[in-house]
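The lines below spell out each chain.
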2 protein chains.
Amino acid sequence: MNDPGGAPMESIEETVTEGVVRRRFDLEVEGRQVPGIRWAPEGAEPTATILVGHGGFQSKEAPNIVEMAAQLAHECGYATIALDAPGHGERRTEEQIRQQEEVLRRLREGGVDEEMRRGRERVVDEGTRTGSDDSGPARPPRMVREWRALLDALEGSDPATGPYGYWGVSMGARYGIPLVAIEPRIRCAVLGLFGLGPDPAFRATVESITIPLLFLFQYDDELMTPESGLALWAAFGSEEKTMHINPGPHVGIPVFERDASAAFYRRHLG
Amino acid sequence: MNDPGGAPMESIEETVTEGVVRRRFDLEVEGRQVPGIRWAPEGAEPTATILVGHGGFQSKEAPNIVEMAAQLAHECGYATIALDAPGHGERRTEEQIRQQEEVLRRLREGGVDEEMRRGRERVVDEGTRTGSDDSGPARPPRMVREWRALLDALEGSDPATGPYGYWGVSMGARYGIPLVAIEPRIRCAVLGLFGLGPDPAFRATVESITIPLLFLFQYDDELMTPESGLALWAAFGSEEKTMHINPGPHVGIPVFERDASAAFYRRHLG
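Here's what I pulled together on the structure shown here.

The rules behind each value
Every chain's residues receive numbers from 1 upward, in the order its sequence appears when written. Lettering for chains starts from A, numbering for ligands starts from 1, and both go in the order in which the items are written. Predicted model: local features are reported for residues with pLDDT of at least 70 only, side-chain atom pairs are reported and counted for 80 or more only, and whole-chain, interface and lining totals are derived from all residues. The side-chain numbers reported here are obtained from all heavy atoms of the structure, hydrogens and water having been left aside. With a 1.4 Å probe rolled over the protein chains alone, any residue whose accessible area is under 20% of its type maximum counts as buried; one over 50% counts as exposed, and the rest are partly exposed. A run of H or I in DSSP becomes a helix once it reaches four residues, and a run of E becomes a strand once it reaches two; helices and strands are each numbered from the N terminus. Being paired, for any two strands, means DSSP has found at least two bridges between them. For this analysis, a salt bridge means a side-chain nitrogen from Lys or Arg found within 4 Å of a carboxyl oxygen belonging to Asp or Glu. Side-chain atoms within 4.5 Å are what join buried Ala, Val, Leu, Ile, Met, Phe, Trp, Tyr and Cys residues into a set we call a nonpolar core. Residue contacts follow a heavy-atom distance rule, with two residues in contact if any of their heavy atoms lie within 4.5 Å. We place the copies in one frame by least squares, fitting the C-alpha atoms of every residue whose pLDDT is at least 70 in both. For any pair of parts, buried area is found by adding up, for both, the accessible area (1.4 Å probe) each one loses once the two are put together. Any pair of nitrogen or oxygen atoms within 3.5 Å is treated as a polar contact; in protein, a donor-acceptor pairing is required on top of that, and neighbouring residues in sequence qualify only through side-chain atoms on both sides. Under this grouping Gly is polar, as are all residues other than the nonpolar Ala, Val, Leu, Ile, Met, Phe, Trp, Tyr, Cys and Pro and the charged Asp, Glu, Lys and Arg.

## Description of the pairing of strand β9 (residues 241–246) of chain A
Residues and elements named next belong to chain A.
And then number 1: Among the six residues in β9, six count as buried, and that is most of the element.
And then number 2: Of the two faces of β9, the one carrying Lys241, Met243 and Ile245 and the one carrying Thr242, His244 and Asn246 are both buried.
And then number 3: In this sheet, β9 lies alongside strand β8 (residues 213–218) in parallel orientation, the contact comprising six bridges. Bridge pairing in β9 places Gln218 opposite Asn246.

Take a look at the structure:
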C-alpha cells in the first residue's frame, strides 16, 4: 500500500487468523506516526473498505472493532481500517495512560460526576485540535486530517480499495461527523451515541451531510438525552437516514446491531 | 389444516407462483366467516409462521403484505398468514366500501381534517368491538379473538406450523398490541406507526408486553407525533425492543425495513 500518490504507509506486521489478514501499519501524517490496523479477507481483494473510528478511552483494537472487522471480512468481503486517535492506544504518553486509568477508575466507582466529565472531555478533545502549527481558521480537526491522509494513501494503492464507508459512535461520531461532512470519498456512514447541542457551527456541519446514514442510539445513555440524539438525527441533511434506538447504557449497543450495520453497508457499497 | 382441535378452516383455492403456495381460506369464528390467505414455501414445511395484521383501509392482500410474504418464504422458509379485519377487504358491506372510498378521496384531495379522522376511526374501530353478544367485560376485542381462533386452528393441524411471530403497523399495531399482550403463542413481534395516548388501560396493556419487539416509526407521520411513538416504545415491558425511525409520511416505511423484519424474525424464530 505504499505509493507516491498518497501519504507514506509502513507495514509493521502481518498475521492471519481464521481467514482474516491483520496488518499493523504506521501512517505518516504531518510528521507524526499514526498507528493503524487493516483487517481484510484472506486470499481475496476486498470489495469495499470501512473506516472505523473508536470511542473515547478505547483504541484501534477495541474488542467490538476486531469482532466487526472479522464479520465484515467473512460476510461482506470488506476490509476494515482503524487508527488510534490522538491521545489514545499507542499514541498515549505515560501521563495520559495514568490520567485515563484514573478517570476510568472514578467512573467504575462513583458514576459520572463533573470532574469525570471534564477528564473525559480532555481526552476526547485531543483529536479535535487543529494543532499549534495551525495555518488558518478553516483547517479541519486533527483526526479528520489523519483520516483524509489515510484515504489519500489508499487511493494511491493498487488495486483501489474503495468504495469507502465509515463507522463510529461516541467519540467516533464526534470525529466522524466533521469527516463525512467534507470528505466525498466516504459514501455512507454508521454513526451514533452522540447528541445535538447549542453550537450553531456543529449544527451547520450536521445539516450539510447528505450521504445515507444509520444512527445508533442507547435510550438510557448516561452521557446524553434521547431528545438530543433524536434532534441530531433529525438535523442530518440525508434523505436516507435511519435511527435505531435500544434500551441500555452508553456502552451497551446490542450485538445484533452489527448485523444491521453490515446490511446497511451491503445496501450502499455492494 | 382442518382438525377437530381447532376452529374450522375451509380451503377455498390454492395457487403456486414463483415458489410460493398461496392458499385462500375461510376461518369460522363465532359463526362468522373470516377470509384469510396463507403463503408458504413450495415443497417444504415452513419453519415458522408470521401473522400479519394489515393497516386501516387495506386488506389481507395489500401489496406490502404479498411482497413480504414472498420474501419470508424465499429467504427464511416461513409461512405468512393475513386475515381481513372486520369492515375490511372481503368483509366490507357495499355501504362500507362507499364510505371508505369517500374517506380516501377526501384524504387525497384535502389532507387530513377532523371529519376524515373521524371517518378513519369508525373504520379501524370495527375490529376493537367486543360485539353485541358480549358476555363479560373481560372479553378481548373481536380482531384479537379472531387471531386466537386462527392460532387454535393452526395448533390443531399436523404438522404444527409454529413458532409464531406477529407483524402489524398502524391498525395492525392497534389490534396487535392487545393480541401479543395476552397470547403466549406469539414469541416476537414487529409493530409500528402507533403512539401512546392518555388511556391508562392501554398503557397497562403496553407495559405488560415482554416479548422481543421491533418497532417501526415514520418521523413525519401525519397521524401522530414522534414523541408519542417514542413514549409507546419506551413503555413496552420488553427487555429487547428496538425502535427504527425513518423520515417520511405514515404510508412510507422504506422497503429495506422488510430486511430488518426478516433479520429480527430469524434471530428469534430460527
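## Topic: the pattern of salt bridges
Close approach of charged atoms allows side chains with opposite charge to pair.
Residue and element names in this part refer to chain A.
And then number 1: Within this structure, the stated rule accounts for 39 salt bridges over all chains.
And then number 2: A salt bridge links Glu30 to Arg139, with the shortest nitrogen-to-oxygen separation between them at 3.3 Å. Note that Glu30 is positioned in the loop between β2 (20–29) and β3 (32–41) and Arg139 in the loop between α3 (114–125) and α4 (142–155), a separation of 109 residues in sequence.
And then number 3: What makes Glu30 partly exposed here is its relative accessible area of 39%.

## Thoughts on the nonpolar core
Proteins that are soluble and globular tend to have nonpolar side chains buried together.
And then number 1: Judged by nonpolar contacts, the single largest core of 90 residues is most densely connected at Leu150 of chain A together with Leu150 of chain B.
And then number 2: Ignoring anything within four residues of it in the chain, the contact list for Leu150 of chain B reads Met9, Phe25, Leu27, Leu51, Ile81 and Leu83 of chain B.
And then number 3: Val20, Tyr78, Ala260 and Leu269 of chain A belong to the second largest nonpolar core, which has 27 residues in total.

## Examining the relation of the copies chain A and chain B
And then number 1: Rotating chain A by 180° and translating it 0.0 Å along the rotation axis places it on chain B, where the RMSD comes to 0.0 Å. With respect to symmetry, the two chain copies, as superposed, fit the operation of a two-fold axis. Ranked by how close their C-alpha atoms come to the rotation axis, the residues of chain A are headed by His244 of chain A, at 2.4 Å.
And then number 2: A shared interface surface links the copies, since 100% of the contact residues of chain A are contact residues in chain B too.

## Quick look at the interface of chain A and chain B
And then number 1: Counting residues at the interface gives 16 residues for chain A, matched by 16 residues for chain B.
And then number 2: Between chain A and chain B lies a buried interface of about 1,500 Å² when both sides are counted; carbon and sulfur atoms form 71% of it.
And then number 3: Our count for the contact surface shared by chain A and chain B stands at zero salt bridges.
And then number 4: At the boundary of chain A with chain B, the tally comes to five residue pairs in polar contact (both at pLDDT 80 or more).
And then number 5: Secondary-structure elements contributing two or more residues to the side of chain A that touches chain B are α7 (226–235), β9 and α8 (256–269) of chain A.
And then number 6: Among the elements that line the side of chain A that touches chain B, the one with the most residues is β9 of chain A, at six residues.
And then number 7: By residue class, the composition of the side of chain A that touches chain B is eight nonpolar, three polar and five charged.

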